[in-house]
Amino acid sequence: MAETVLSFVLRQLSTFLHEEGRLLGGLRQEVQFIKDELGHMRAFLREAEAKEEDAQPRLQEWIKQVREAAYDTEDILDEFVARFARHPATGFYGSVRRIFSSIKNLRARHRVASEIQGIKSRIKSISEAHQRYQSEYGISAQASNSFSAVKNTTWRYSRDDALLVEEAKLVGIDQPKRRLISQLLQGDDYQLKVVSVVGMGGLGKTTLMKKVHEDPDVRRHFPVRAWVTVSETCDFQDLLKDLIRQLHEEGKKPVPQSIESMTTTELKKFVRLFLQQAGRYAIVFDDVWDVEFWNTIKFALPESCCGNRVMLTTRRADVASASCIESRGFVYRMEPLSVEDSRTLFCNKIFNGANCPGHLMDVAKGILDKCEGLPLAILAISGLLASKDVNRIDEWEMVRRSLGGELEGTGKLDRVKKILSLSYSDLPWHLKTCLLYTSICPEDHKIPCNRLVNLWIAERFVEWREGMSIEDVAWGYLSELVNRSLIQVTEVFFEGLPNACRIHDLLREVILLKSREQNMVTITNGQPTTWPSEKVRRLVVHSSSSNNTQHHQQRRSYCFDHLRSFVTFESIVLSKMLLSEVLGSNKLLKVLDLGGQETSEEIPNEIFSLFHLKYLHLGGTRVERVPKAIGKLQHLEYLNLGKTGVRELPMEILKLQKLRFLKVYQLVDSSDDDYGYHGFKAPSNMGGLLALEVLDCIDASSGSIIIKEIGKLTQLRELRITKLRREDGKELCSSLANLTSLRVLSVASIGKGDDHDIIDLNHHHHPSLSSSSSLFLQSLRMLILRGRLEKMPQWVARLHGLLRIDLDWSRLRSEEDPLESLGHLPNLVNINFCGSYQGEGLCFKTGEFLNLKWLHLKRMEGLRWIRVEEGALPRLQTLSLQRLPLLEELPMGIQHLSHLQQLYLSEMSSQLRGKLLENQKEESEAYRRIAHIPEILIGYYTDDRKWRSCNLWAEKKKT
């Protein structure tokens, strides 16, 4: 794990030498020496760490020394910058201050020089040990990315995955097996077809594919078959030779000796020629780790005209899709076992198929919840429990409580750890760092993706790439971790943008272990016993026993001088003493996240002395005012004051020239977000914050001056405006024409609900905009208009990249049907209408809304009917109808919505509710029209105003 830390610090050193090297003077050579020596050790570390678990304590201690030296180097240089990189003062008084400061800092510079010399001496000593260990442990000085030390274990343990799952009769496999066999046996016989199974490690992909491969129907249909284990670090020549041997043995032919001396190209040609002559074949490539393997092996696989098939298993979605895309193949995403199947597998292993005893039901459920349907984990833990006395509930409870600790051992759960660790080991170092950072989140916590990505950026884990914004790079990191089945997306904001994610519980335990190994994150619940002896670098508080006086007294002996991040989760009563200690003793803090905590109404003054602070999250706190001292935070990039009492920002905010993210807002009605948000009053020259990319939510009631300033913020990607006056609509359109990177736009007029003023944005054709009218807001992906509209802006119909549109309180008249402007937008997937239309009916016409998946209609009091013509909304998955009091029938043509998964009906007319919930004869036709919808949820107030919700099919079953 030290190699990951070292790679990170080396990049920081390179950046430092480039940007701040002039400050170092004579110390520059010393820092360059440290950087060079650490660089020489990095390759050695890659292989040394592969042997760390089996290594002698001396090698383990050396790895720890390298890690700490790298961390300390970063600390010293950051402290150096904090002392000497202040902006120079001007004028006479500025000259006096510079002279005084230089005299004052001589001692400080001498101390920093002494510390750098100390680090240099430590690095020399570590480097000498490095030379010894190269020969002692047989590790090459030129170690490469091949990870030869882990090659054999990778191969062995990835096969153990299949063998372990094979020990039991795996449940829940019959349906996917039939589906895959069907894909293999049907289809075009004149084209090579690829069938891929993708999913995280331990799901039983290999077992499933083995069952398919050995099925009698498959064997009869494909006389030429082979099974090739690819693994993470396979030798491609050896793999081809293995394939050739299998093909010859399958055909009962002698294996030619000439293959031993063939080159890779010759081996591929040999395989291709053999398969062309052999007839119909089916080959499995098990455990494929990268797209490059497929791009190489596919040239050895002839299509011929026999209906040939290739099957592969992989943990990576990009490998699965890349292998299938050319052949119009099939990707099967393997999901965890259901709760019922998990229980069956668990009981089969421990109780030979009998039911779990009643006194063990609760603890068994807790264990299975932890496994989350992962067959490998269920079988491994079952094997552990099989040796326990079923009459001793305390022994089972001990296993449940100590599952994380069991993963550190060398028994059956160590095998689970190694399987899950394989995907981690395959990551490049920057993704390893990002994945380990997810250990800051509590167990079962829904991780907001936006928060996670911005924390990665603030922690400097994300590397800038030419032609891309830092946010795009960070979101790319998240996509890659999702693609590798390491992070699971649980909630989507709108198409293509995950809103929330999570980590599998057992994978999280592995991540926690690795995070602790390299002292990356320290997690505490406030108890003094949880504090480590090592330097605390990132402190995360999940809950706190802050009322314990003894706890406060004991904590004072701990030092936070090296702390880089302080993050809190969940709603806790944060100890003022802890916060004071963290802020008062630390000058290196880069991340301070107190979101949702019970803080005071004033921002602590100590925050404004944090020179390196990049990320400040005070959203959801009681803060009501931002003082002028905010201007001292010269490096601040992220400031979140959402859902606070702050309604105005001081002029000093303009000093924050690195600020990218600014969020300041408050709900108009805390009980109902339909009414939108209050924004903040900004300084009149707000356009000076040229780095801003997210501005949420600015109060425009002061007039056109602030609207003009918005047009200067050309880097904006998200813009939310509130209290726009009708007469400023033209000026806003003029400003929006400059925002060529804008992806999210929200505009609200003055007022609340039905009292909103008119939004007038029909000015894109103004002469001053004519040259760019065809490009007006073409980067927009999400549009929210909250306020009355006399008519839909004409430019909306040309937003071909638009994915989501919300119209709130528009009150469009019947002659201004909003659907006419939107029906042919090719990428639109999400529509939300709230009080947006006054007409009696809406008609979705044939050939319109071809990609729409989510449709939400709410608070349209005059709406009496909805019609869906055949061929409209062909991909709709969710239809939500709320507070439509005059709607007396289900949408006409709802039976045409063949992909509809969920129908949500809330506070509908009593007549419609009665038809659905009461068992009447005339309802039969209505039921036939909705019989294909798996889930129909109904919510309503009863006569005594109590809220009730139910699933229609469950309710129907009762009657």
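The text that follows walks through the structure, step by step, so that each part is easy to find. (Residues numbered from 1 in each chain as written. Predicted model: local features only at pLDDT ≥ 70, side-chain atom pairs only at ≥ 80, totals over all residues. Heavy atoms only, no water.)

1. Quick look at the packing of helix 20 (residues 429-437) against helix 22 (residues 470-483)
Part 1: Viewed as axis vectors pointing N to C, helix 20 and helix 22 meet at an angle of 85 degrees, and their least axial separation amounts to 10 Å. When the interaxial angle is binned, helix 20 and helix 22 end up roughly perpendicular. Between helix 20 and helix 22, the contacting residues are H430, L431, C434 and L435 on the first element and Y477, E480 and L481 on the second.
Part 2: Taken together, the residues of the contact of helix 20 with helix 22 sort by class into five nonpolar, one polar and one charged. (Axes fitted to C-alpha atoms, helices over the stretch in contact; angles between N-to-C directions. Helix = DSSP H or I, 4+ residues; strand = E, 2+ residues; numbered from the N terminus. Parallel < 35°, antiparallel > 145°, perpendicular 65-115°, else oblique. Contact = heavy atoms within 4.5 Å. Nonpolar A, V, L, I, M, F, W, Y, C, P; charged D, E, K, R; others polar.)

2. Things to note about the sheet that holds strand 4 (residues 309-314)
Part 1: Strands sit in the order 2-3-4-1-5 across an open sheet of five strands; the sheet is parallel. The open sheet has two edge strands with one neighbour each: strand 2 (224-229) and strand 5 (330-333). Taken over all neighbouring pairs, the strand axes of this sheet differ in orientation by 15 degrees on average, direction set aside.
Part 2: One ladder, built from four bridges, connects strand 1 (residues 193-198) with strand 5; its direction is parallel. If you follow V197 over to strand 5, its bridge partner there is Y332.
Part 3: Together, strand 2 and strand 3 (281-288) form the strand contacts of helix 10 (residues 236-250), whose direction differs from that of strand 2 by roughly 150 degrees. (Pairing = 2+ DSSP bridges.)

3. Let's talk about the packing of aromatic side chains
Part 1: This structure, assessed with the given rule, holds 13 aromatic pairs.
Part 2: When the ring of Y615 is compared with that of Y638, the centres are 4.1 Å apart and the planes differ by 5 degrees; the resulting orientation is stacked. Remark: Y638 occurs in strand 14 (residues 638-642) and Y615 occurs in strand 13 (residues 615-617); sequence separation between them is 23 residues. The burial state of Y615 is the same as that of Y638; both residues are buried.
Part 3: We note R451 situated over the ring of F569; from NZ or CZ to the ring centre the distance is 4.5 Å.
Part 4: Lying over the aromatic face of Y675, K752 brings its terminal NZ or CZ to 4.7 Å of the ring centre. (Phe/Tyr/Trp six-rings, centres within 6.5 Å; stacked < 30°, edge-to-face > 60°. Buried < 20%, exposed > 50% of the residue type's maximum accessible area, 1.4 Å probe, protein only. Lys NZ or Arg CZ within 6 Å of the ring centre and 35° of its normal.)

4. Overview of the pattern of salt bridges
Part 1: This structure, assessed with the given rule, holds 43 salt bridges.
Part 2: E693 is the salt-bridge partner of R717, the closest N and O atoms lying 3.8 Å from each other. Linking R717 in the loop between helix 26 (704-710) and strand 18 (718-724) with E693 in the loop between strand 16 (677-678) and strand 17 (694-699), this pair joins segments that are 24 residues apart in sequence.
Part 3: For R717, a relative accessible area of 12% gives the class buried.
Part 4: Between R725 and D728 there is a salt bridge; the shortest N-O distance is 2.9 Å. (Salt bridge = Lys/Arg side-chain N within 4 Å of Asp/Glu carboxyl O.)

5. Section: the environment of S600
Part 1: Summarising the element assignment, S600 is placed in the loop between strand 12 (591-593) and strand 13.
Part 2: We classify S600 as partly exposed; its relative accessible area is 34%.
Part 3: As for S600 and R622, which are separated by 22 residues in sequence, their C-alpha atoms are 6.0 Å apart.
Part 4: Sequence-distant contacts of S600, defined by excluding residues within four places in its chain, comprise R622 and V623.

6. With respect to helix 11 (residues 264-278)
Part 1: An ideal rise of 1.5 Å per residue puts 21 Å on 15 residues; helix 11 measures up with 21 Å between its terminal C-alpha atoms.
Part 2: Among all positions of helix 11, only L267, K268, V271, F274 and L275 are buried. Buried residues of helix 11, viewed axially, fall in a sector of 130 degrees; they line one side. Along helix 11, exposed side chains directed more than 90 degrees from the buried face belong to K269 and Q277.
Part 3: Along its buried surface, helix 11 packs onto strand 2, helix 10, strand 3 and helix 12 (291-297).
Part 4: At the exit of helix 11 stands G279, carrying a positive phi of roughly 100 degrees. (Expected span 1.5 Å × (residues − 1). Arc of directions from axis to C-beta.)

7. Considerations on the environment of D75
Part 1: As for its position among the elements, D75 is in helix 4 (residues 57-84).
Part 2: For the pair D75 and R564, spaced 489 residues apart in sequence, the C-alpha separation works out to 9.1 Å.
Part 3: D75 has contacts with R537, H562, R564 and L588, leaving out every residue within four places of it along the chain.
Part 4: Looking at D75, its side chain comes within polar contact range of the side chain of R564, at 2.4 Å. (Polar contact = N/O pair within 3.5 Å; in protein donor to acceptor, adjacent residues only side chain to side chain.)

8. A look at the pairing of strand 15 (residues 661-667)
Part 1: Counting buried positions along strand 15 gives five out of seven residues, so the element sits mostly inside the fold.
Part 2: Two elements, strand 14 and strand 15, share five bridges in a ladder whose sense is parallel. Across the sheet, residue G642 finds its bridge partner in strand 15, namely Y665.
Part 3: Two elements, strand 15 and strand 17, share three bridges in a ladder whose sense is parallel. Bridge pairing in strand 17 links F661 to V694.
Part 4: Pairing geometry for strand 15 and strand 16, over two bridges, is antiparallel. Opposite L667, over in strand 16, you have Y677 as the bridge partner.

9. A look at the packing of helix 15 (residues 361-371) against helix 23 (residues 505-517)
Two numbers describe a pair of packed helices, the interaxial angle and the distance between the axes.
Part 1: Two elements in contact, helix 15 and helix 23, have axes whose closest approach is 6 Å; the angle formed by their N-to-C orientations is 75 degrees. If you check the angle between helix 15 and helix 23, you find them roughly perpendicular. Contacts between helix 15 and helix 23 involve D369, K370 and C371 from the first element and D505, L506 and E509 from the second.

10. A closer look at the pairing of strand 28 (residues 935-941)
Part 1: Note that strand 27 (residues 902-906) and strand 28 share five bridges and pair parallel. Of the residues in strand 28, the one forming a bridge with S906 is G939.
Part 2: Where strand 28 meets strand 29 (residues 947-951), five bridges bridge the pair, whose relative direction is antiparallel. The residue bridging G939 from the neighbouring strand is S949, located in strand 29.

11. Things to note about unusual backbone geometry
Part 1: Residue C697 is bonded to the preceding D696 through a cis peptide linkage, with omega at 20 degrees.
Part 2: Residue position: C697 is located in strand 17.
Part 3: Even without glycine at this site, R811 takes up a positive phi of about 55 degrees.
Part 4: Note that R811 resides in the loop between strand 21 (804-808) and helix 28 (819-822).
Part 5: Relative accessible area serves as the criterion here: at 16%, R811 is assigned to the buried category.

12. Describing the side chain of T878
Part 1: Looking at the element boundaries, T878 is found in strand 26 (residues 878-882).
Part 2: T878 has contacts with K853, W854, L855, H856, L900 and Q902, leaving out every residue within four places of it along the chain.

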